[in-house]
Amino acid sequence: MQTIKVLGTGCANCKNTLELIKTAAEAKDIKINLIKVEEMSEIVGYGVMSTPAVVINDKVVHSGGIPDRTIINDWLSDNF
Amino acid sequence: MSNATIDTSQQKSNALFYWIGAISLAIPTWFYTYSQLIPFADFILSLTGYDRSSHTGEAIHFFFYDTPKIMLLLAGVVFFMGIVQTFFSPERTRSLLAGRRLGVGNSLAASLGIVTPFCSCSAVPLFIGFLSAGVPLGVTFSFLIAAPMVNEIALILLFGLFGWQVAVLYLGLGLTIAIVSGMIIGHLKMENDLQDWVHDIHIGKDLPVNNALMSWESRFNAGWNYVKEIIYKIWFYVVIGIAVGAIIHGFVPEDFMTSIMGKDAWWSVPAAVALGMPMYTSAAGVIPIVEVLIGKGAALGTTLAFMMSVIALSLPEILILRKVLKTKLIATFVSIVASGILLVGFIFNSIL
């Protein structure tokens, strides 16, 4: 099972991003390990400067703002 | 799968075509609607049976003129700014600021603070991201002070409600505070007052930059999403603000606030800053209060000082920054910015 991390300190956009990914994965029937990272040092460790950010397999694929639904679908079909 | 790919690219070029069409229609519509605001308010008023010579009539006219005006201004400017922001990712801004000297760097940082998308929940990662890439501490602070305080929403609201002079003053003073405060912090050489874990972080240089090759279609989408986000977030405050303004316009005596917040009450400026600091709301949230203050005889300097202290200094932000700054640096930051705001309030009240 692949791991997707959502990095963010708990603002509304971070929660929305998490929900969007969850729904997209369920719609595609893909099982993912979705983790929310709130620890500041870990967020910063990824070199991310604006949250929410998305990390797939330890690679930052997105940072700043809620990602588009189509982009989320692309991630899911590219990586899984 | 290949069919799906072709469909997507087809959809994309259609979408760009659609955007250009929609925008070329929207621009003349926008200007025409803007020119019809007064006739519209007159028309609504004529339906109620009141006329502008009565308090109630004046209040109704004020409300139905100002609400659509502010909404139109917001929609237009926010869409434009949403597109501009796609050219200024934090990563790009950081590389523009890395290694800049104090002075030039601070001015650039404060100006970039206006156009770089910023949310106070990202203040810490941004702060560390800047420092680790070699942006000097003082320059980083100029950015962090300007980004929340001087933003398009505050400027549009001030422009729409109080005229361009107030908006320009706010812009100039906000930038000055950000630049000067950052320069002072830079000169104090307080790099040792960062929390220890911050020094240990080394971020690789090969960071992803999402929007290096962004299509125009996604830029337009970003602009539109920004409009939806902002309108959704602030329409309520704007309507309340204008409603409050409309009511006091006719009903509360003009000089209600003059004795406590007028020019002659020198202590009103520090009181406004002290009151504003623990408050935490966006530019839109503070507008109803500002509307009341200015409408009822509070001095402009006092009111602007209040607004700046609400937006630029807030307890939640200080708590967030506490994770990266030691107490001494936090205290320095707060007192320098607060003094800047005080100074603005005093200077204004004495010259106007």
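Undergrad: Let's hear about the packing of aromatic side chains: which residues, and what values?
TA: Residue and element names in this part refer to chain B. Tallied over the entire structure, the rule returns 13 aromatic pairs over all chains. These aromatic residues form a ring-pair network of at least three members: Tyr18, Trp19, Phe79, Phe87, Trp216 and Phe220. Arg92 extends its terminal NZ or CZ atom over the ring of Phe88, reaching a point 5.9 Å from the ring centre. Sitting over the ring of Phe87, Arg219 keeps its end group 3.9 Å from the ring centre.

Undergrad: Could you give me a rundown of the environment of Leu325 of chain B, with the residues and numbers involved?
TA: All names here are of chain B. Note on placement: Leu325 falls in the loop between α16 (315-321) and α17 (327-351). Classification of Leu325 by relative accessible area gives buried; the value is 0%. Here the alpha-carbon distance between Leu325 and Ala265, two residues 60 residues apart in the chain, equals 36 Å. Contacts of Leu325, omitting those with residues within four sequence positions, involve Phe127, Phe141, Asp193, Leu194, Gln195 and Ile330.

Undergrad: Got a sec to walk through the sheet that holds strand β3 (residues 53-56) of chain A? Specific residues and values, please.
TA: Residues and elements named next belong to chain A. Pairing within the open sheet is mixed, and its 4 strands lie in the order β2-β1-β3-β4. Two strands in the sheet have a free side with no partner beyond their single neighbour: β2 (32-37) and β4 (59-63). Direction aside, the axes of adjacent strands within the sheet are offset by 20 degrees on average. With 6 bridges joining them, strand β1 (residues 2-7) and β2 adopt parallel strand pairing. Bridge pairing in β2 links Leu7 to Val37. Packed onto the sheet, helix α1 (residues 12-27) meets β1, β2 and β3 and runs at close to 180 degrees relative to β2.

Undergrad: So what about the nonpolar core? Which residues, and what values?
TA: Residues Phe127, Leu137, Tyr170, Met307, Leu325 and Phe333 of chain B are the most contacted members of the largest nonpolar core, which totals 100 residues. Composition of this core by domain shows at least three residues from each of domain 1 (1-85 + 215-235) and domain 2 (104-210 + 252-352) of chain B. Here Met307 of chain B is in contact with Ala154, Leu158, Tyr170, Val286, Ile287 and Val290 of chain B, once residues within four sequence places are set aside. The next biggest cluster of nonpolar side chains, apart from the first, holds 12 residues, and it includes Ile21, Ile32, Ile56 and Leu76 of chain A.

Undergrad: Describe the interface of chain A and chain B, listing the residues and the values that go with them.
TA: At the junction of the two partners, chain A supplies 16 residues and chain B supplies 19 residues. Of all residues in chain A, Met40, Val44 and Met49 of chain A give up the largest surface area on contact with chain B, accounting jointly for 48% of the area buried on that side. Put simply, chain A and chain B have 0 salt bridges between them. In this structure, the connection of chain A to chain B is made through 1 residue pair in polar contact (both at pLDDT 80 or more). Looking at the side of chain A that touches chain B element by element, the count peaks at 4 residues for β4 of chain A. A class-by-class count of the residues in the side of chain A that touches chain B yields 8 nonpolar, 7 polar and 1 charged.

Undergrad: So what's going on with the packing of helix α3 (residues 55-85) of chain B against helix α8 (residues 152-162) of chain B? Residues and values would help.
TA: Residue and element names in this part refer to chain B. Contact pair α3 / α8: the axes reach a minimum separation of 10 Å and the direction vectors enclose 150 degrees. By the angle class used here, α3 and α8 are roughly antiparallel. α8 is crossed by α3, and the crossing has right-handed handedness. Facing Asp66, Lys69, Ile70, Leu73, Leu74, Val77, Val78, Met81 and Gln85 of α3, the residues of α8 in contact are Glu152, Ile153, Ile156, Leu157, Phe159, Gly160 and Leu161. When grouped by side-chain class, the residues that make up the contact of α3 with α8 number 11 nonpolar, 2 polar and 3 charged.

Undergrad: Kindly report on the packing of helix α4 (residues 90-97) of chain B against helix α5 (residues 104-115) of chain B, identifying the contributing residues and their values.
TA: All names here are of chain B. Taken N-terminus to C-terminus, the directions of α4 and α5 make an angle of 165 degrees; their axes are 10 Å apart at the nearest point. By the angle between their directions, the pair α4 and α5 is classed as roughly antiparallel. Our pair here, α4 against α5, has a crossing hand that is right-handed. Counted together, Thr93, Leu96 and Leu97 of α4 and Gly105, Leu108, Ala109 and Leu112 of α5 form the full contact between these two elements.

Undergrad: Which residues make up the side chain of His61 of chain B, and what are the values?
TA: All names here are of chain B. Mapped onto the elements, His61 comes out in helix α3. Among the residues examined, His61 registers a relative accessible area of 4% and is labelled buried. In contact with His61, not counting residues within four places along its chain, are Ile38, Ala41, Asp42, Leu45 and Arg52.

Undergrad: Describe the environment of Met71 of chain B, listing the residues and the values that go with them.
TA: Residue and element names in this part refer to chain B. Examined against the element boundaries, Met71 turns out to sit in helix α3. Each C-alpha atom of the pair Met71 and Ile234 lies 10.0 Å from the other, and the pair is 163 residues apart in sequence. Apart from the residues lying within four places of it in its own chain, the contact partners of Met71 are Ile231, Trp235, Val238 and Val239.

Conventions we followed
Counting restarts for each chain, with residues numbered from 1 along the sequence as it is written. Working convention: letters from A go to chains and numbers from 1 go to ligands, in the order in which they are written. In view of the model being predicted, local features appear only for residues whose pLDDT reaches at least 70, and side-chain atom pairs are presented and counted only at 80 or more, with totals across whole chains, interfaces and linings using the full set of residues. As a rule here, side-chain values cover all heavy atoms of the structure and leave hydrogens and water aside. Stacked, edge-to-face and tilted are the three classes for Phe, Tyr and Trp ring pairs, Trp counted by its six-membered ring, which pair at centre distances within 6.5 Å; planes under 30 degrees apart are stacked, over 60 edge-to-face, the rest tilted. Only when the NZ atom of a Lys or the CZ atom of an Arg is both within 6 Å of the ring centre and within 35 degrees of the ring normal do we say a charge sits over the ring. To qualify as a helix, a DSSP run of H or I must reach at least 4 residues; to qualify as a strand, a run of E must reach at least 2; elements of each kind are numbered from the N terminus. Any residue under 20% of the maximum accessible area for its type is buried, any over 50% is exposed, and the rest in between are partly exposed; the area is computed with a 1.4 Å probe on protein chains only. Should any heavy atoms of two residues lie within 4.5 Å, those residues are considered in contact. Strands were regarded as paired on the criterion that DSSP finds at least two bridges between them. The convention used is that axes are lines fitted to C-alpha atoms, helices contributing only their stretch in contact, and that angles between N-to-C directions extend from 0 to 180 degrees. What is meant by a nonpolar core is a set of buried Ala, Val, Leu, Ile, Met, Phe, Trp, Tyr and Cys residues, joined one to another through side-chain atoms within 4.5 Å. Domain boundaries shown here were taken from an automatic or database domain assignment. Buried area, as used here, totals the accessible surface that two parts lose on assembly, with accessibility defined by a 1.4 Å probe and the loss added over both. Here, a salt bridge means any side-chain nitrogen of Lys or Arg that lies within 4 Å of a carboxyl oxygen of Asp or Glu. Identification of polar contacts relies on pairs of N or O atoms within 3.5 Å, with a donor-acceptor requirement for protein atoms, meaning one able to donate a hydrogen and the other able to accept it, and with residues adjacent in sequence counted only if both atoms are side-chain atoms. In the scheme used here, Gly and all other residues not listed as nonpolar or charged are polar, with Ala, Val, Leu, Ile, Met, Phe, Trp, Tyr, Cys and Pro taken as nonpolar and Asp, Glu, Lys and Arg as charged. Angle categories: roughly parallel below 35 degrees, roughly antiparallel above 145, roughly perpendicular from 65 to 115, and oblique for all the rest. Throughout, a crossing is termed right-handed when the near helix is turned clockwise from the far one, and left-handed when it is turned anticlockwise from it by less than a right angle.

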